[in-house]
Number of protein chains: 2
Amino acid sequence: MRIIVDGFGGDNAPLAVLQGCALARKEYGVDITVTGDEETLKKTAAGNGIDLTGIDLVHAPSVIPVEAEPKTIMTEYADSSMAKGFQLLAAGDGDAFVCAGSTGAMVVGASLIVKRIKGIKRASLAPILPAEKGCYILMDAGANLECRPEMLVQFGIMGSIYMEKVMGVKSPRVALVNVGAEETKGTELQLEAYRLLSGNKAVNFTGNIEPRYIPRGDADVVVADGFTGNVVLKLTEGMGKLLSHGLKDIFMSGISGKLAALLCMKRIRAFKQSMDYTEYGGAPLLGTARPVIKAHGSSDPKAFKNAIRQARDFAERDVIGQIASAAARLKESGRED
Amino acid sequence: MRIIVDGFGGDNAPLAVLQGCALARKEYGVDITVTGDEETLKKTAAGNGIDLTGIDLVHAPSVIPVEAEPKTIMTEYADSSMAKGFQLLAAGDGDAFVCAGSTGAMVVGASLIVKRIKGIKRASLAPILPAEKGCYILMDAGANLECRPEMLVQFGIMGSIYMEKVMGVKSPRVALVNVGAEETKGTELQLEAYRLLSGNKAVNFTGNIEPRYIPRGDADVVVADGFTGNVVLKLTEGMGKLLSHGLKDIFMSGISGKLAALLCMKRIRAFKQSMDYTEYGGAPLLGTARPVIKAHGSSDPKAFKNAIRQARDFAERDVIGQIASAAARLKESGRED
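Residues numbered from 1 in each chain as written. Chains lettered and ligands numbered in written order. Predicted model: local features only at pLDDT ≥ 70, side-chain atom pairs only at ≥ 80, totals over all residues. Heavy atoms only, no water.

Student: I keep staring at the overall build of chain A and nothing clicks. Help me out?
Tutor: Helix and strand content of chain A: eleven helices and twelve strands. Taking 2.2 N^0.38 as the reference for a compact globule, 337 residues should give roughly 20 Å; the C-alpha atoms of chain A span a radius of gyration of 20 Å, in line with that estimate. If one aligns the C-alpha atoms of chain A with their principal axes, the spans along those axes are about 60 × 60 × 35 Å. In chain A, which comprises 337 residues, the proportion classed as buried is 57%. Long-range pairs, those at least 24 residues apart, make up 71% of the contacts in chain A with a sequence separation of at least 6. As displayed, chain A has an accessible area near 13,500 Å², and 50% of this comes from carbon and sulfur atoms. For chain A, the distance from the average position of its 40 positive side-chain charges to the average position of its 39 negative side-chain charges is 5 Å. (Helix = DSSP H or I, 4+ residues; strand = E, 2+ residues; numbered from the N terminus. Rg over C-alpha atoms; globule rule 2.2 N^0.38 Å. Buried < 20%, exposed > 50% of the residue type's maximum accessible area, 1.4 Å probe, protein only. Contact = heavy atoms within 4.5 Å. Areas by Shrake-Rupley, 256 points an atom, 1.4 Å probe, with all protein chains shown as cover. Lys, Arg positive; Asp, Glu negative; His and termini not counted. Charge placed at Lys NZ, Arg CZ, Asp CG, Glu CD.)

Shown next, in the form of structure tokens:
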């Protein structure tokens, strides 16, 4: 098992990337290839006492900036550390790719360099988010702003397979984000997606989910068009921040607050940890022909380590094969196009 | 000033409604008309020691159920307490209407019985939500799932007038919910709405707002189509609940937790109160020819009292007149149709 990692993706690259790789190598025993400027990578490792045993470096002279037009990964930045990672993955020189760089460029690179699974219409960004009970996969979280109903069905199927195989959830509950629980709710997109999802035996479709029940954990696979999914993702983040500021205000002001914090430090930590999405690693890109994990831009070494573990599980547990079979069955059953 | 109140709207009707009316009458000195089954209202008041001085009752024999098809307010439930309220408002027998019943029926009743302001395309549900700093008005929160760009411009203008006149916010910052800050982000709806809003001098348009910054309070008027707005509203509610459960877990378990709670009770209360949307009263329906306030379904007497105060301010501060002038100017400037 070899995991390819973009050495220059994310706010803390390349140091946090290399540290995360070393941790993962030690803990999981996987082989790792890191892409990027070789000299800088070597110097960073040497200067920080990072052991590169089992970690190969593959040179790539440039880095695609976060603000660059995503398509430039095919032209101007075809020699970037991210593009190189996708090229290695497509060539079979690794089993999965982890990158904390620009989401837009990753979606383009995954779709055009690695290509999509046959029959799958769109690659989808699918972060795992914490809920009161467990966690859920959200798809699409922004790769495809506008969707057709059949795309939402594919999201449901892919998310379901990922949650079962990688996260160990039995018969994941798939639900459609909507303004009401009844099947008559929503716009044409939701009405038709509801109809298609309820008629599809490949998923355990539990109906519509009103967003107020998403954080409670009422669904394991939360399906939406990319615009709506992006709103869910970012508002969840924003409310989480508000919450952690609130806790800070309660506990960090005055002696009484600090004393109170001491008294229930363990439970505060447990609550904060239960809300920490870096625990689950990164967001898989589902629909591409080989496993790709988008790590969070602010990933620290631990987050990179977790993302590498997630990439290993993604590759090892035949998620891609299962999605390919499901796509073939969809086509046969004429539910496609 | 006379406020009409639906005596049978909401989970706690009619008792909480009558209690709220009595509180409002005492505190604000407004005249009140309560609609609904007269005998039940009288009995409830007598049985609970509620003083009906200054509170008129207008008989309406039926109640429109929450699950009823909204349009039935015009047919089957034309004699309901909600329909009667709209009829009184339309006839000028009161200055504003407060109701905690079904949102769908209210939007239909407001649009068809009270009618819209000339030039305004749609009545919009516009709840006031708490943010880290202050509060914001969200529109549309679900009355119009699919919108055209010109409707979003009208939402921005109406929300802006309401926030300035009723909430006392000077030059309210109007922002468009979108997946990124840049004007090139989003679907055609957002692209065109951005263009129209930036070219409109009636609003202080600050650009796109990513949902992660909504709870921080980066905008005073948050503009979105009704589907997106409904997701924002309900996810905010859901995350708020998760937060309050988290606080409960921290403070309510064990002696140390309870002791900690005692130590910072004041700050916990302040934080919870800052997140309590019932503090702001209800959600105005903007775009209708006369002031309508949708109170929360779970309103208690205090929430009804606050909604009545809000209805009074809405009526007193010429919000409708200002919206009408703005709509006329929009039409003149040819930005309309």
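Once you've had a look at it, read on.
Student: Got a minute to help me understand helix 10 (residues 301-316) of chain A in this structure?
Tutor: For an α-helix, 3.6 residues make a turn, and residues three or four places apart therefore share a direction. Residues and elements named next belong to chain A. Counted at 1.5 Å a residue, the expected span for helix 10 with its 16 residues is 22 Å, and the 23 Å between its end C-alpha atoms agrees. Residues of helix 10 that are buried: Ala-303, Phe-304, Lys-305, Asn-306, Ala-307, Ile-308, Gln-310, Ala-311, Arg-312, Asp-313 and Phe-314. Two residues or fewer after helix 10 comes Asp-318, characterised by a positive phi angle close to 55°. (Expected span 1.5 Å × (residues − 1).)

Student: Please clarify how the sheet that holds strand 7 (residues 135-139) of chain B should be interpreted in this entry.
Tutor: Within a sheet, adjacent strands bond to each other through the backbone by hydrogen bonds, running parallel or antiparallel. All names here are of chain B. An order of 6-7-10-8-9 is seen for the five strands of this open sheet, with the pairing classed as mixed. Edge positions in the sheet fall to strand 6 (128-130) and strand 9 (204-209), since each of these pairs with one other strand and no more. Going from strand to strand, the sheet's axes swing by 30° on average, the running direction of each strand aside. Examined bridge by bridge, strand 8 (residues 173-177) and strand 9 share five bridges and lie parallel to one another. Bridge pairing in strand 9 links Val-177 to Ile-209. (Pairing = 2+ DSSP bridges. Axes fitted to C-alpha atoms, helices over the stretch in contact; angles between N-to-C directions.)

Student: Got a minute to help me understand helix 7 (residues 226-252) of chain A in this structure?
Tutor: The end-to-end C-alpha distance of helix 7 of chain A is 38 Å, a good match for the 39 Å that 27 residues give at a rise of 1.5 Å each. Taken across its 27 residues, helix 7 of chain A has 20 buried, putting it largely inside the fold.

Student: Just to check I follow, could you spell out the environment of Thr206(B) for this structure?
Tutor: All names here are of chain B. With respect to the helices and strands, the residue Thr-206 is situated in strand 9. In this structure, the C-alpha to C-alpha distance between Thr-206 and Ala-175, residues 31 residues apart in sequence, is 5.5 Å. Not counting residues within four places of it along the chain, the set of residues in contact with Thr-206 comprises Arg-173, Val-174 and Ala-175.

Student: I'm lost on the interface of chain A and chain B in this one. Help?
Tutor: Where interface size is quoted, it is often the accessible area lost as the parts come together. Taken residue by residue, the interface counts 45 residues in chain A and 46 residues in chain B. Of the roughly 4,300 Å² buried where chain A meets chain B, counting both sides, 75% is carbon and sulfur surface. Remark: the boundary between chain A and chain B carries four salt bridges. Two residues, Lys234(B) and Glu210(A), come together in a salt bridge whose shortest N-O distance is 2.6 Å. At the surface where chain A touches chain B, the tally comes to 15 residue pairs in polar contact (both at pLDDT 80 or more). Every element with two or more residues in the side of chain A that touches chain B is listed here: helix 7, helix 8 (254-263) and helix 9 (265-274) of chain A. Residue contributions to the side of chain A that touches chain B peak at 20 residues, all from helix 7 of chain A. Grouping the constituent residues of the side of chain A that touches chain B by class yields 23 nonpolar, 14 polar and eight charged. (Buried area = accessible area lost by both parts, 1.4 Å probe. Salt bridge = Lys/Arg side-chain N within 4 Å of Asp/Glu carboxyl O. Polar contact = N/O pair within 3.5 Å; in protein donor to acceptor, adjacent residues only side chain to side chain. Nonpolar A, V, L, I, M, F, W, Y, C, P; charged D, E, K, R; others polar.)

Student: Explanation requested: the packing of aromatic side chains in the structure shown.
Tutor: Ring pairs (aromatic) are described by centroid distance and by the angle formed between their planes. All names here are of chain A. Using the criterion set out here, one finds seven aromatic pairs over all chains in the structure. Ring centres of Phe-86 and Phe-97 lie 4.9 Å apart, and the angle between their planes is 70°; this geometry places the pair in the edge-to-face category. Taken together, the positions of Phe-86 in helix 3 (residues 81-90) and Phe-97 in strand 4 (residues 96-99) put the pair eleven residues apart, joining distant regions of the chain. In terms of burial, Phe-86 and Phe-97 fall into one category: buried. For the ring pair Tyr-162 and Phe-314, a centre distance of 5.3 Å and an interplane angle of 90° mean the geometry is edge-to-face. Here the residue Tyr-162 occupies a position in helix 5 (residues 149-165), and Phe-314 occupies one in helix 10, the gap between them amounting to 152 residues. For the pair Tyr-162 and Phe-314, a shared accessibility class is recorded, and that class is buried. (Phe/Tyr/Trp six-rings, centres within 6.5 Å; stacked < 30°, edge-to-face > 60°.)

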